[in-house]
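This is what each chain is made of:
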Amino acid sequence: MFALKILVTDPVHEDGLKMLKNEGFHVDLAYGISGDELKEKIRDYDAVIVRSRTKVTREIIEAAEKLKAICRAGVGLDNIDLKAAEDHGIKVLSSPEAPTIAVAELVFGLLLCFSRKISYCDRMMKEGKWVKREALGFELKGKTLGIIGLGRIGREVAVRARAFGMRVIYFDVYRPSSEVEKNLGVEYRDFSDLLREADIITVHVPLTPKTHHLIGEKEFSLMKDGVILVNTSRGPVVDTKALLAALKSGKVSGACLDVFEHEPPREDWELELVKLPNVIATPHIGAMTVEAQRNASVILANKIISMFKGEKL
Ligand code: NAD
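Quick notes on the rules
- Residues numbered from 1 in each chain as written.
- Predicted model: local features only at pLDDT ≥ 70, side-chain atom pairs only at ≥ 80, totals over all residues.
- Heavy atoms only, no water.
- Helix = DSSP H or I, 4+ residues; strand = E, 2+ residues; numbered from the N terminus.
- Buried < 20%, exposed > 50% of the residue type's maximum accessible area, 1.4 Å probe, protein only.
- Contact = heavy atoms within 4.5 Å.
- Lys, Arg positive; Asp, Glu negative; His and termini not counted.
- Charge placed at Lys NZ, Arg CZ, Asp CG, Glu CD.
- Near = heavy atom within 4 Å.
- Polar contact = N/O pair within 3.5 Å; in protein donor to acceptor, adjacent residues only side chain to side chain.
- Areas by Shrake-Rupley, 256 points an atom, 1.4 Å probe, with all protein chains shown as cover.
- Nonpolar A, V, L, I, M, F, W, Y, C, P; charged D, E, K, R; others polar.
- Arc of directions from axis to C-beta.
- Pairing = 2+ DSSP bridges.
- Right-handed = clockwise from strand over helix to strand, strands pointing away.
- Axes fitted to C-alpha atoms, helices over the stretch in contact; angles between N-to-C directions.
- Domains from an automatic or database assignment.

In this section: the overall build of the protein. Scanning the protein for helices and strands turns up 13 helices and twelve strands. Dimensions along the principal axes, computed over C-alpha positions, put the protein at roughly 70 × 50 × 35 Å. Residues classed as buried in the protein amount to 47% of the 313 residues present. In the protein, 61% of the contacts between residues at least 6 apart in sequence involve partners at least 24 apart. For the protein, the centre of its 46 positive side-chain charges and the centre of its 45 negative side-chain charges are spaced 4 Å apart.

Taken together, 24 residues sit near the ligand, with R152, I153, D172, T232 and D258 positioned nearest. One of the backbone nitrogen or oxygen atoms of R152 is found 2.9 Å away from an oxygen atom of the ligand. One of the side-chain N or O atoms of H284 is found 3.2 Å from an oxygen atom in the ligand. Here the ligand has 870 Å² of accessible area as a free molecule, and 85% of this is covered by the chains. Here the residues of the shell around the ligand sort into twelve nonpolar, eight polar and four charged.

Inspection of helix α1 (residues 14-22) places G16, L17 and L20 among the buried residues, and these make up the whole buried set. The arc that holds the buried residues of α1, viewed along the axis, is 100 degrees, so those residues lie on one side. Where α1 is buried, its residues touch β1 (5-8), β2 (26-29), β3 (47-50) and α13 (290-308). Directly beyond the C-terminal end of α1, a positive phi value near 100 degrees is found at G24.

Take the pairing of strand β7 (residues 167-171) next. Counted residue by residue, β7 has four buried out of five residues, so it is predominantly covered. Pairing analysis gives five bridges linking strand β6 (residues 144-148) to β7, with the strands arranged parallel. Within β7, the residue paired with T144 across the bridge is R167. With respect to chirality, the unit in which β6 leads through helix α7 (residues 152-163) into the neighbouring parallel β7 is right-handed. As paired elements, β7 and strand β8 (residues 186-188) share three bridges and run parallel to each other.

Moving on to the sheet that holds β3. Strand pairing in a sheet is mediated by backbone hydrogen bonds. Such pairs are either parallel or antiparallel. Strand order in the open sheet formed by five strands is β2-β1-β3-β4-β5, with parallel pairing between adjacent strands. The sheet terminates laterally at β2 and β5 (91-94), the two strands that pair on one side only. Along the sheet, successive strands turn relative to each other by an average axial angle of 20 degrees, direction set aside. Bridging between strand β4 (residues 69-72) and β5 involves four bridges; their strand directions are parallel. Bridge pairing in β5 links I70 to V92. Of the strands in this sheet, β1, β2 and β3 are in contact with α1, which crosses β2 at around 145 degrees.

Bringing the side chain of S115 into the picture now. Position of S115 relative to the elements: it lies in helix α5 (residues 100-115). In contact with S115, other than residues within four places in its own chain, are G137, F138 and L140.

In terms of domains, the protein is made up of domain 1 (5-98 + 291-309) and domain 2 (100-281). Taking only C-alpha atoms, the centre of domain 1 and the centre of domain 2 are 33 Å apart.

What follows deals with unusual backbone geometry. Looking along the chain, the bond that leaves E263 and enters P264 is cis, with omega of -5 degrees. Residue placement: P264 occurs in the loop between β11 (252-257) and α12 (268-275). One non-glycine residue with positive phi stands out, namely K117, at about 50 degrees. Its place among the elements puts K117 in the loop between α5 and α6 (118-126). Given the relative accessible area of 31%, K117 is considered partly exposed. Non-glycine residue H284 carries a positive phi angle of around 50 degrees. Among the secondary structure elements, H284 is positioned in the loop between β12 (279-281) and α13.

See the structure below:
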């Protein structure tokens, strides 16, 4: 009896790999493998585990002789040719649930950093300056938070916002039951009403053709003067040039950004945005916690084990 073989081409947390080995899978590591090498090697494997680096192209999929699953540790399937996988009856598994808490906590890290000028104060302290008077901030309590996209992350953000004493309104193309709304303590608004009513807007939608530049010049014009925007979803969901103009005019008083149209930012208008004093920027660290990294591998391993259950291990 032969063990099913899994090739791992990008580093994933060892706990998930241990689970697979304990279930009898043969796990080979090939971190950093090139596309050409993968095309050769993949013939022997039943599943491949990747993160975002490895491009699983049609050419690679067509070279595979017994591949049954392409497994992405974490979120985002843009590096996998999904149509080619479907054409060959190959399942695509991923673990988008893994970074939910990490991203929700980051939203509040960014917001508090902005509302209490934490990174500014820290920078001044390191320069030997005591800037108490300039550090007047504001409280989150009593502010209206508008959540666009009440999915996994949006809901965890709502829970934390309520704990801060915020009023929470949301817009989503899919409206959950009134029971869910009641439990979360959130009120539905249509898109334009949310834009008009919120003091702080946080975006948690996936990037699709429909959400590309979902927030642009027209949307900014509807928002309250002095609104704060948080984007930890995907950079292109917000029109950066329109955001830059809104920040410069004072329409938007601050932006907290973990994601950018280009990563790292490279265009003049992106670099200018990041350098503004009322912008808090982080380099796409939403999922960068020990727990989220471990979850990505453990959740994926569970899905792989369930999928192959019934097959000989
Ligand atoms: P999810 O699928 O659970 O939730 C997304 C929600 O957006 C859904 O409820 C969906 O109905 C809603 N939606 C889709 N299109 C919409 C639209 N046009 N208008 C309003 N709502 C719309 O996803 P999630 O796990 O909550 O993640 C949200 C996004 O966060 C991901 O798609 C990803 O792009 C991003 N993300 C970023 C990081 C990071 O490192 N910063 C990490 C994980 C996820």
